[in-house]
Amino acid sequence: MSKLYSVKLYTDGACSGNPGIGGWAYVLPHFSEEDSDYENATTNNRMEITAVIKGLQAALNHLIVDRVEIITDSQYVVNTMTKGWQKKKNIDLWRELDELVNQFQEVTWTWVKGHADNELNNRCDELAVAQWKKLK
């Protein structure tokens with residue numbers, strides 16, 4: 001089957017304390033799919049990267065996807081991937097993210113203001129926060 005689709009992937013990570021209990025979430029609206037989970041001892045930046053990783057893994061499950069626009073409120077993720085910010089911390093996650101990105105024909109990165117008027121970014125935030133709140 002040839003790949004046909006370009007999809008949007010919304011992601012967000014959240015943390016209560018930094019480090020602390022964290023949550024990540026993604027939404028793939030094209031497939032009406034969303035997921036989220038938590039980690040006990042983590043940082044906000046790790047959760048932001050993890051959200052993208054989990055979302056890209058989900059997109060790969062749809063064999064027809066070859067282009068992804070990642071929409072996130074994380075300047076850390078967007079600027080590291082587009083402006084060459086150095087990957088000094090979270091090397092394990094950056095390595096995994098790079099490997100996933102290379103499996104697509106094209107990946108673009110769009111930053112949106114968090115807690116603003118982007119409905120699906122707000123949905124990701126809601127899901128991520130709900131994950132860490134379960135453990136508090």
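Before reading on, note that the structure itself is shown above.
Scoring rules and cut-offs
- Residues numbered from 1 in each chain as written.
- Predicted model: local features only at pLDDT ≥ 70, side-chain atom pairs only at ≥ 80, totals over all residues.
- Heavy atoms only, no water.
- Helix = DSSP H or I, 4+ residues; strand = E, 2+ residues; numbered from the N terminus.
- Rg over C-alpha atoms; globule rule 2.2 N^0.38 Å.
- Areas by Shrake-Rupley, 256 points an atom, 1.4 Å probe, with all protein chains shown as cover.
- Lys, Arg positive; Asp, Glu negative; His and termini not counted.
- Charge placed at Lys NZ, Arg CZ, Asp CG, Glu CD.
- Buried < 20%, exposed > 50% of the residue type's maximum accessible area, 1.4 Å probe, protein only.
- Arc of directions from axis to C-beta.
- Contact = heavy atoms within 4.5 Å.
- Pairing = 2+ DSSP bridges.
- Salt bridge = Lys/Arg side-chain N within 4 Å of Asp/Glu carboxyl O.

Caption draft 1: Representation of the overall build of the chain. Helix and strand counts for the chain come out as four helices and five strands. From first element to last, N terminus to C terminus, the chain shows the α and β order β-β-β-α-β-α-α-β-α. For the chain, the C-alpha radius of gyration of 14 Å lies close to 14 Å, the compact-globule estimate for 136 residues. Approximately 7,200 Å² of the chain is accessible, and the part contributed by carbon and sulfur atoms is 46%. Here the chain carries 15 positive and 19 negative side-chain charges, and the mean point of each set is 6 Å from the other.

Caption draft 2: Helix H3 (residues 91-101), seen in detail. Taken together, the buried positions of H3 are Leu 93, Trp 94, Leu 97, Leu 100 and Val 101. Down the axis of H3, the smallest arc covering the buried residues is 125°, so these residues share one side. Away from the buried face of H3 by more than 90 degrees, exposed residues Arg 95 and Glu 99 are located. Buried residues in H3 make contact with helix H1 (44-60), helix H2 (75-82) and strand S5 (106-111).

Caption draft 3: Inspection of the pairing of strand S1 (residues 5-17) at higher detail. Of the pairings in the sheet, the one linking S1 to strand S4 (residues 65-72) comprises seven bridges and is parallel in character. Across the sheet, residue Ser 6 finds its bridge partner in S4, namely Arg 67. Sheet topology note: the S1/strand S2 (residues 20-28) ladder contains eight bridges and is antiparallel. The residue bridging Cys 15 from the neighbouring strand is Gly 22, located in S2.

Caption draft 4: The environment of Gly 17, seen in detail. Here Gly 17 lies in strand S1. The exposure class of Gly 17 is partly exposed, given its relative accessible area of 41%. Taking the C-alpha atoms as reference, Gly 17 lies 34 Å from Phe 104; in sequence the two are 87 residues apart.

Caption draft 5: A look at the pattern of salt bridges. Inspection of the entire model under this criterion finds seven salt bridges. Note that Asp 98 and Lys 87 form a salt bridge whose closest N and O atoms lie 2.8 Å from each other. Placement of the pair is Asp 98 in helix H3 and Lys 87 in the loop between H2 and H3, with a sequence separation of eleven residues. Lys 87 sits in the partly exposed class, given a relative accessible area of 29%. The closest approach of N and O atoms between Arg 123 and Glu 126, which form a salt bridge, is 2.4 Å. Linking Arg 123 with Glu 126, this pair stays in helix H4 (residues 119-135), spanning three residues, or about one helical turn. By relative accessible area, Arg 123 is classed as partly exposed at 27%. Via salt bridges that share partners, Glu 34, Arg 123 and Glu 126 belong to a single interconnected network.

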